[in-house]
Amino acid sequence: VRVEVPVEKVVEKVVEKEVKVKVSAPAKAPREKAPRLTLDEAYEKLTKQQKKFFDGLREYAMSKDKCKEKKSTYFIVLGQSSVNPLIKLTVKKDTTVALVKMEDEYLKDIRLNAGSDGTKVKVKETEVIIGDAQAYATAKEMIDLREDQIERYVEYLKEQKAMR
């Protein structure tokens, strides 16, 4: 009687492990940042068309009731107060830029009420890059809208005061 014993198969197990080695890229020479131009310096570099847009928006805002101009190093603020301005004008990359805080009385109430319990709500300015006549007209419309928002807010405050 013959008994066959099965022969075990030998299995070789290859374990591959990924080893990550950090290789730092060759250090780049630090780039010199160009010093930021003041508003006057940037204005001088504007083209005739861009100066016309800048001056036109400034004059348009100044034509509004009780509008004052407050000049800063990098921008001018136009409006009845610098806290609640009609428009902020600046120059970025040789282009006139209008910054408008589009906050109506409802959003302002939400922001102020949220602040009472420590929550911070920040309302960013809407930026309009004045590159052509259409953008210029849009910025003028935004000045009108902002003036309307400010007037409505003043009326709203008067109503609130009368209710007390």
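Residues numbered from 1 in each chain as written. Predicted model: local features only at pLDDT ≥ 70, side-chain atom pairs only at ≥ 80, totals over all residues. Heavy atoms only, no water.

Peer 1: Break down the packing of helix α2 (residues 48-62) against helix α4 (residues 133-163) for me, citing the residues and quoting the values.
Peer 2: As a packed pair, α2 and α4 sit with axes 10 Å apart at the nearest point and diverge in direction by 20°. Taken as axis vectors, α2 and α4 run roughly parallel relative to one another. The handedness of the crossing between α2 and α4 is right-handed. Contacts between α2 and α4 involve Phe53, Gly56, Leu57, Tyr60 and Ala61 from the first element and Ala133, Tyr136, Ala139, Lys140, Ile143 and Asp144 from the second. Grouping the amino acids of the contact of α2 with α4 by side-chain chemistry returns eight nonpolar, one polar and two charged. (Axes fitted to C-alpha atoms, helices over the stretch in contact; angles between N-to-C directions. Helix = DSSP H or I, 4+ residues; strand = E, 2+ residues; numbered from the N terminus. Parallel < 35°, antiparallel > 145°, perpendicular 65-115°, else oblique. Left-handed = near helix turned anticlockwise from the far one by under 90°. Contact = heavy atoms within 4.5 Å. Nonpolar A, V, L, I, M, F, W, Y, C, P; charged D, E, K, R; others polar.)

Peer 1: Tell me what's going on with the pattern of salt bridges, and back it up with residues and numbers.
Peer 2: By the definition in use, this model includes nine salt bridges. Here Asp144 makes a salt bridge to Lys64, at a shortest N to O gap of 2.8 Å. A residue pair is termed long-range when its members are at least 10 positions apart, and Asp144 in helix α4 and Lys64 in the loop between α2 and β1 (68-71) qualify at 80 residues. A salt bridge links Glu147 to Lys64; its shortest N-O distance comes to 3.7 Å. Of this pair, Glu147 sits in helix α4 while Lys64 sits in the loop between α2 and β1; the two residues are 83 residues apart in sequence, bridging distant segments of the chain. Overall, the relative accessible area of 15% leaves Lys64 in the buried class. Taken together, the salt bridges that share partners define one network made up of Asp55, Arg58 and Glu69. (Salt bridge = Lys/Arg side-chain N within 4 Å of Asp/Glu carboxyl O. Buried < 20%, exposed > 50% of the residue type's maximum accessible area, 1.4 Å probe, protein only.)

Peer 1: Got a sec to walk through the packing of aromatic side chains? Specific residues and values, please.
Peer 2: Per the counting criterion, the structure on display carries three aromatic pairs. In this structure, Lys88 packs its charged tip against the face of Phe75, placed 4.4 Å from the ring centre. (Phe/Tyr/Trp six-rings, centres within 6.5 Å; stacked < 30°, edge-to-face > 60°. Lys NZ or Arg CZ within 6 Å of the ring centre and 35° of its normal.)

Peer 1: Break down the packing of helix α3 (residues 105-116) against α4 for me, citing the residues and quoting the values.
Peer 2: The relative placement of two packed helices comes down to the angle between their axes together with the axis-to-axis distance. Two numbers describe how α3 lies on α4: the axes approach to 9 Å, and their chain directions differ by 60°. As far as their axial angle goes, α4 and α3 are oblique. From α3, Glu105, Lys108, Asp109 and Leu112 reach across to α4, where they touch Gln149, Arg152, Tyr153 and Tyr156. Per-class residue counts for the contact of α3 with α4 are three nonpolar, one polar and four charged.

Peer 1: Please provide a residue-by-residue account of the pairing of strand β2 (residues 75-79), values included.
Peer 2: In terms of residue burial, β2 counts as a mostly covered element, since four of its five residues are buried. Of the strand pairs in this sheet, β1 and β2 are connected by four bridges, and their pairing is antiparallel. When the bridges of β2 are listed, Lys68 appears paired with Gly79. Where β1 folds back onto β2 in an antiparallel hairpin, the turn is made up of three residues. Inspection of the sheet shows β2 paired to strand β3 (residues 87-92) by four bridges, in the antiparallel sense. Residue pairing for β3: Phe75 is matched across the bridge by Thr90. (Pairing = 2+ DSSP bridges.)

Peer 1: Break down α3 for me, citing the residues and quoting the values.
Peer 2: If you check α3, its first and last C-alpha atoms are 17 Å apart, about what twelve residues at 1.5 Å a residue would give, namely 16 Å. Within α3, the full set of buried residues consists of Glu105, Lys108 and Ala114. Buried positions along α3 lie against α4. (Expected span 1.5 Å × (residues − 1).)

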